[in-house]
Protein chains: 2
Amino acid sequence: MVSKAQRTERRTDALSKERIVETAIEILDTDGENALTFRALAARLATGSGAIYWHVANKNELLIAAADHIVAHVIDDVAGGSAPQEKIRALALGVFDAIDAHPWVGTQLSRAPWQTAVLQIFEGLGGQLRALGVPGRAQFDAGSALLNYVLGVAGQNAANARRPHPDRSAFLDAAAEHWEQLDPAQYPFLRQVAPQLRDHDDREQFVAGIDLILAGIGTVVGD
Amino acid sequence: MVSKAQRTERRTDALSKERIVETAIEILDTDGENALTFRALAARLATGSGAIYWHVANKNELLIAAADHIVAHVIDDVAGGSAPQEKIRALALGVFDAIDAHPWVGTQLSRAPWQTAVLQIFEGLGGQLRALGVPGRAQFDAGSALLNYVLGVAGQNAANARRPHPDRSAFLDAAAEHWEQLDPAQYPFLRQVAPQLRDHDDREQFVAGIDLILAGIGTVVGD
DNA sequence: ACCTGAACACCGTTCAAGT
DNA sequence: ACCTGAACACCGTTCAAGT
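Keep in mind that what you see is a predicted model, and the values were worked out from it rather than measured.

### Observations regarding the relation of the copies chain B and chain A
Screw-axis analysis of chain B against chain A gives a translation of 0.0 Å along the axis, an RMSD of 0.0 Å, and a rotation angle of 180°. Both copies of the chain, as the preceding transformation shows, are related through a two-fold rotation axis. Comparing interface residues between copies, 100% of those in chain B also sit at the interface in chain A, which points to an isologous, same-surface contact.

### Some remarks on the protein's contact with DNA strand D
Lining the immediate environment of DNA strand D, one finds 18 residues, of which Arg39 and Lys59 of chain A together with Thr47, Gly50 and His55 of chain B sit closest. Backbone sugar and phosphate groups make up 49% of those atoms of DNA strand D lying within 4 Å of the protein. For DNA strand D, a phosphate oxygen lies 3.2 Å from a polar atom in the backbone of Phe38 of chain A. A distance of 2.7 Å separates a phosphate oxygen of DNA strand D from a polar atom in the side chain of Lys59 of chain A. A breakdown of the residues in the surface near DNA strand D according to their chemical character gives six nonpolar, nine polar and three charged.

### Quick word on the domain arrangement of chain A
Residue and element names in this part refer to chain A. Its domain assignment divides chain A into domain 1 (1–56) and domain 2 (81–218). Using C-alpha coordinates to define each centre, domain 1 is positioned 32 Å away from domain 2. Between domain 1 and domain 2, the contact holds four residues from the first and six residues from the second. Summed over both partners, the interface of domain 1 with domain 2 buries about 420 Å², with 58% contributed by carbon and sulfur atoms. Of all residues in domain 1, Leu28, Asp29 and Glu33 give up the largest surface area on contact with domain 2, accounting jointly for 88% of the area buried on that side. For the pair domain 1 and domain 2, the interface holds three residue pairs in polar contact (both at pLDDT 80 or more). A breakdown of the residues in the side of domain 1 that touches domain 2 according to their chemical character gives two nonpolar, no polar and two charged.

### So, the packing of aromatic side chains
Evaluation of the coordinates by the stated rule reveals 16 aromatic pairs over all chains. Centroid distance Trp179 of chain A to Trp114 of chain B: 6.0 Å. Interplanar angle 50°. Geometry classified as tilted. Taken together, the residues Trp179 of chain A in helix α8 (residues 168–180) and Trp114 of chain B in the loop between α5 (103–109) and α6 (116–126) connect one chain to another. Between Phe38 of chain B and Tyr53 of chain B, the aromatic rings sit 4.7 Å apart at their centres with planes inclined by 20°, giving stacked as the arrangement.

### Describing the packing of helix α9 (residues 188–198) of chain A against α6 of chain B
Two elements in contact, α9 of chain A and α6 of chain B, have axes whose closest approach is 8 Å; the angle formed by their N-to-C orientations is 90°. Taken together, the axes of α9 of chain A and α6 of chain B are roughly perpendicular relative to one another. For the pair α9 of chain A and α6 of chain B, the contacting residues are Pro188, Phe189 and Leu190 of chain A in the first and Leu119, Phe122, Glu123 and Gly126 of chain B in the second. For the contact of α9 of chain A with α6 of chain B, a count of residues per class yields five nonpolar, one polar and one charged.

Rules of the game
- Residues numbered from 1 in each chain as written.
- Chains lettered and ligands numbered in written order.
- Predicted model: local features only at pLDDT ≥ 70, side-chain atom pairs only at ≥ 80, totals over all residues.
- Heavy atoms only, no water.
- Least-squares fit on C-alpha atoms with pLDDT ≥ 70 in both.
- Contact = heavy atoms within 4.5 Å.
- Near = heavy atom within 4 Å.
- Polar contact = N/O pair within 3.5 Å; in protein donor to acceptor, adjacent residues only side chain to side chain.
- Nonpolar A, V, L, I, M, F, W, Y, C, P; charged D, E, K, R; others polar.
- Domains from an automatic or database assignment.
- Buried area = accessible area lost by both parts, 1.4 Å probe.
- Phe/Tyr/Trp six-rings, centres within 6.5 Å; stacked < 30°, edge-to-face > 60°.
- Helix = DSSP H or I, 4+ residues; strand = E, 2+ residues; numbered from the N terminus.
- Axes fitted to C-alpha atoms, helices over the stretch in contact; angles between N-to-C directions.
- Parallel < 35°, antiparallel > 145°, perpendicular 65-115°, else oblique.

This is how it looks when you write it as C-alpha cells:
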C-alpha cells in the first residue's frame, strides 16, 4: 500500500488530466467552442485521440473540468474583506468578467447545474446572506435568485459571443433597429427601450440587476 | 405576377414548415433533445432527410421555430386582466410550466437571446413595468433583470431534466447528501441549506425569486 | 500503466437526379 | 417546385495492439 504512492512525477510533457484541461482551455479561448474536438486536442498534445480517454472519461467531463478551472480562479481572486453587498457584487462581476473573457464558460455554467463551478458560485453568493441579516429560511431562496440571475446572464452573454460580431456597436445598432420596427401594438416595450439597447453597457446593466435583487433582499430583512 | 400567388393549398400530408416543426416538437417531447436528428425527423415524416432543407434552413432554425411555437402559446394563454405584478408572475409561471413540460425549450431559450420567443417574454415582462411606476430609464434594466432570471432558471431546469431521474425526491436526496458532506470550511452555506434542498418546491422557489426582484423594483419606484 | 490510431456508429448538410 | 437518398465531411467513443 506504500509502493503505489511514490513517483507521482513524470516527464513534463507527459499526458495528464491537468495538461489536457489546460490545452482544452487554450483551444476554447482561441478558436471557440466548436473547435474543441478530441482530434484537435490530440493533435495539439501530439498524441492519439484515444489517449485522452485514459485521463478524462468523456467530453462532458472535460468541459466541466475546464469551467471549474476558470471559476476556481475567480473565487480565489475575489476574496476581499468588504461589506456583504460588496462581496456579492465583486463575485458576480468576477463571474461576469470571466465569461466575457471565456464565453464558453457561460455555456457550460448554464448547462450543468451541479458541477463544482456552479456550487462554488452559489456558496460565494449565498454565504453573504446571513451577514446581510436574511433569515435562515429565506437564505436558500435569495441565494437561488442571485445564482439563477447570474447564470441567466452567463447563458445570454455566451450566446451573444457565439455569433460573429465584426463590431459590437454595429450589432447593437442592428438589433435596436429591429426592435424599433416591431409591431407597435405587440411590442410597445421593446420599441420604447430600443434606444437604450443601442448604447447600454452590458456590465453596468448586469450590476443593476444584482442591485435590484439585493434591494429586494433588503425588504425581506425588513430594515 | 398574379400567376404565382394562387394555389397555396396542397394535400394535407404534404411537407410544410409547420408540419415539420410540429413533428420535431413531438420527437423532442417524447424522446428528448438528442433524439431530434434530421434522419429521425425524415423517417417520421416519411420523406428523405434532404427534403426538410427545402422548408427549413438548418437545425438551428428548426429549434428556434419549435421554441417560438411553444412560447407563443404561453403568451396567448397568459393574457388575463389583473394587476401588473400578477401579470408578471403569471407570465413567468407560464414560461416555467412550459419548460417543465418541454425541457428542451429551456435549453433553446438560454441559447438564443434574439429569437422571437425571448423577445416575446421580454416584452411580456417589461411591458408591465410602466404600470408599476418604474421610471423610463430604469425599465430597461428592471426588465432585463426579470428576463435573465427567468432564462437562468430555464437553463437550469432544462439541464436537470436532461439527467435520468428515476425519482425526483431520490435525486434531491442524493444532491442534499452531497452538499452535507462538503468541506465545512469551504461550503458553510450549502451545508446549511442542504435540508431545504431536499424538500423544496422548484416552482415555489421560482416565484419567490420573481417576488424578490419585484420587491427590489418596488424600492426603485420609491413607495 | 499508458499510448496509438484505425474502426464504429453516428451526425448535419449538400447535391445530382428524379417527378 | 418539391422531393429522394446517396455522398461528404465531420463527430465522440471504443478497442485491439503496441510499449
